[in-house]
Amino acid sequence: MGDLPRYPLATLPTPITDAVRLRDALGGPARCPRILIKRDDLTGLGLGGNKARKLEYLIADALALGAHTVITTGAVQSNHARMTAAAACIAGLRCVLVLTSRYEVPALEGNLLLDRLFGAEVRFVPAEDPMLAVGRDEEMVAEVVREEAAAGRLAYVIPVGGSSAVGALGYVSGTAELVGQLRDMGVAPTRLYFGSGSRGTQAGLTLGARLSHATYKLWGVAVSAGEPEKIERAKKAANDAAALLGVEARVDREDLFTDQGFIGEGYGIPTPAGLEAIDLVARTEAILLDPVYTSKGFSALVRHVRDGDIPPTDTIVFLHTGGVPALFTREFVATRA
Ligand SMILES: *Cc1c(COP(=O)(O)O)cnc(C)c1O
C-alpha cells in the first residue's frame, strides 16, 4: 500500500472464525462447505464494523488537508455515521452528521444514541424513497460546509458509506490481510459473501482481490436498490483507488456483480430469511448479525448451501461487516415480540 497516509483506528488483523457448529446446523460436512467468518465486526472502533478500515484512510486524508471538521451523511441508523463520529473523537476533529430519517424526531437508540455519545452534531433531513438509504442531503451538507468556513474551520466531506477512492483503499489492504490469513491456514476458498450497500467495500474488495491474487469469487449481496448508479460508483471508486496506488489494474462493470435476490422490501427493512439467519448464527456461533446488511448477505449463503449450489468440499468465507447497534432499536426488538 506504499506510502499512502493511514491513521490507525482499527484493531487489526481481525480474527477468522471457523464456524463448525453453524456448518453442522446446515447439514454438516456431507452437505455444507466449510464456513469461515472474517470478523470485521471486531475492528473495535466505536463498536466495530467495516467502516473502520475505510476511515483509517479517510481520516488520514482529512488531516493531511488540514481539516478541522468531518461531515458525513447516511440513514438515521447509519453504522458509517456512528464510526465516523468515533473516529473524529480519536483524531481530534469535529464531526457533523447529516442523517436521513422517516420521522421528524427519530428515536434516540442504536447508532443514533452512539452518535450523541461520541459528541457528534446531528442534523436531520426527511427521507424520500424508502428503497434507498438516503434523501436529499446535498443542500444541508453544503450549508454545514459554509457554516464551518464562516467559523474559520475547514470541513472534509466524507461521502455516504465512506465510499470514495480513498475509502476503498481500506478493503484493498483488508483483502491483503485476509488473503495472507487464508494462505497461512492453507485454505483456498471459492466464494466470499458480503452485504453490499454504498459499494465502497465492494470496490476495495474487487481491486484487492485482483492485486492479492485471491482464490475466491466475490459474492456481493445487495441490501438496497439503485443498482446501475451504484455499479458506476463502485467502478469509479475502484479505478480511482488503483490510480492512487499507482497500479495498472482496472476493474469493469462485469467485475462488480451483486446478487439482487435478497433485498426484500428495501433498505433497512428486515427480511424473513435475514431474521432466520440472525437466529441461526447467534444460536450456533454466538455471533451477532445485523438486520440491515449482514443478515441479508448471510441469507444468500444459506440459500445457496440449501440449494446445493456449493460443493461441500469447498471452503467459503463470509465477511462480517458489523452493524450490531441496529439490534438495539425498537424496530428490531419488534421483530422478536
Ligand atoms: C456500510 C455497511 C455495509 C456495506 O458497506 P458498503 O461499503 O457501504 O457497501 C455492510 N455491512 C455493514 C454492517 C455496514 O455498516
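Residues numbered from 1 in each chain as written. Predicted model: local features only at pLDDT ≥ 70, side-chain atom pairs only at ≥ 80, totals over all residues. Heavy atoms only, no water.

Caption draft 1: The overall build of the chain, seen in detail. Per the secondary structure count, the chain includes eleven helices and ten strands. Per-residue burial over the chain gives 58% buried out of 337 residues. Intrachain contacts of the chain at a sequence separation of at least 6 include 80% that bridge at least 24 residues. Looking at the chain as shown, the accessible area adds up to about 13700 Å², and 56% of this sits on carbon and sulfur atoms. Between the centroid of the 35 positive side chains of the chain and the centroid of its 39 negative side chains there is a distance of 3 Å. (Helix = DSSP H or I, 4+ residues; strand = E, 2+ residues; numbered from the N terminus. Buried < 20%, exposed > 50% of the residue type's maximum accessible area, 1.4 Å probe, protein only. Contact = heavy atoms within 4.5 Å. Areas by Shrake-Rupley, 256 points an atom, 1.4 Å probe, with all protein chains shown as cover. Lys, Arg positive; Asp, Glu negative; His and termini not counted. Charge placed at Lys NZ, Arg CZ, Asp CG, Glu CD.)

Caption draft 2: The arrangement of the environment of phenylalanine 332 in detail. Take phenylalanine 332: it is sitting in helix H11 (residues 330-336). Looking at phenylalanine 332, the relative accessible area reads 10%, which means it is buried. Not counting chain neighbours up to four residues away, the residues in contact with phenylalanine 332 comprise Leu275, Ile278, Pro291, Ala326 and Leu327.

Caption draft 3: Looking closely at the environment of proline 33. Inspection of the secondary structure puts proline 33 in the loop between helix H1 (20-25) and strand E2 (34-39). Here the alpha-carbon distance between proline 33 and valine 302, two residues 269 residues apart in the chain, equals 11 Å. Apart from residues lying up to four places away in sequence, proline 33 is in contact with Arg23, Val305, Ile310, Pro311, Pro312, Asp314 and Ile316.

Caption draft 4: Seen up close, the pattern of salt bridges. The final tally for this structure, using the stated rule, is 22 salt bridges. A salt bridge links arginine 53 to aspartate 40, with the nearest nitrogen and oxygen atoms 2.8 Å apart. You can see arginine 53 sitting in helix H2 (residues 51-64) and its partner aspartate 40 sitting in the loop between E2 and H2, a full 13 residues away along the chain. Residues arginine 53 and aspartate 40 agree in their burial class; the two are buried. Salt bridges sharing partners connect three or more residues here, namely Arg94, Glu121, Arg123, Glu147, Glu148 and Arg153. (Salt bridge = Lys/Arg side-chain N within 4 Å of Asp/Glu carboxyl O.)

Caption draft 5: Just the pairing of strand E5 (residues 121-126), in detail. Across six bridges, the pairing between strand E4 (residues 94-101) and E5 is parallel. Bridge assignment links leucine 97 to a residue of E5, and that residue is valine 122. In this fold, E4 hands off to helix H4 (residues 110-117), which returns the chain to E5; that crossover is right-handed. (Pairing = 2+ DSSP bridges. Right-handed = clockwise from strand over helix to strand, strands pointing away.)

Caption draft 6: Molecular detail of helix H7 (residues 200-212). When the terminal C-alpha atoms of H7 are compared, their 18 Å separation across 13 residues agrees well with the 18 Å that a helix rising 1.5 Å per residue should span. Looking at the residues trailing H7, positive phi occurs at histidine 213, about 55°. (Expected span 1.5 Å × (residues − 1).)

Caption draft 7: Representation of the nonpolar core in the model. Grouped together as the largest cluster of nonpolar side chains are 44 residues, with contacts concentrated most on Leu45, Leu55, Ile59, Val70, Cys95, Leu97 and Tyr156. Elements with a minimum of two residues in this core: H2, helix H3 (79-91), E4, strand E6 (155-158), helix H6 (165-185), H7 and helix H8 (227-245). A total of seven residues in this core trace back to one element, the largest contributor, which is H3. When residues of this core are sorted by domain, at least three fall in each of domain 1 (16-49 + 164-336) and domain 2 (51-162). (Core = buried A, V, L, I, M, F, W, Y, C linked by side-chain atoms within 4.5 Å. Domains from an automatic or database assignment.)

Caption draft 8: The sheet that holds strand E10 (residues 315-320), seen in detail. Here six strands make up an open sheet; going across it, the order is E1-E2-E10-E7-E8-E9 and the pairing mixed. Strands at the two margins of the open sheet, each flanked by one partner only, are strand E1 (16-18) and strand E9 (258-259). In this sheet, E9 lies alongside strand E8 (residues 217-222) in parallel orientation, the contact comprising two bridges. Bridge pairing in E9 links glycine 220 to threonine 258. Of the strands in this sheet, E1, E2, strand E7 (191-196) and E10 are in contact with H6, which crosses E2 at around 140°. (Axes fitted to C-alpha atoms, helices over the stretch in contact; angles between N-to-C directions.)

Caption draft 9: View of the domain arrangement of the chain. By domain assignment, the chain separates into domain 1 (16-49 + 164-336) and domain 2 (51-162). Put simply, the middle of domain 1 and the middle of domain 2, counted by C-alpha atoms, are 24 Å apart. Each side of the interface is counted separately: domain 1 has 36 residues, and domain 2 has 32 residues. Summed over both partners, the interface of domain 1 with domain 2 comes to about 2600 Å²; 59% of that surface belongs to carbon and sulfur atoms. For the domain 1 face of the interface with domain 2, the top three residues by lost area are Leu45, Val166 and Tyr267, together amounting to 22%. Here domain 1 is connected to domain 2 by four salt bridges. Remark: the boundary between domain 1 and domain 2 carries eleven residue pairs in polar contact (both at pLDDT 80 or more). Of all elements in the fold, only H6, H7 and H11 reach the threshold of two or more residues within the side of domain 1 that touches domain 2. (Buried area = accessible area lost by both parts, 1.4 Å probe. Polar contact = N/O pair within 3.5 Å; in protein donor to acceptor, adjacent residues only side chain to side chain.)

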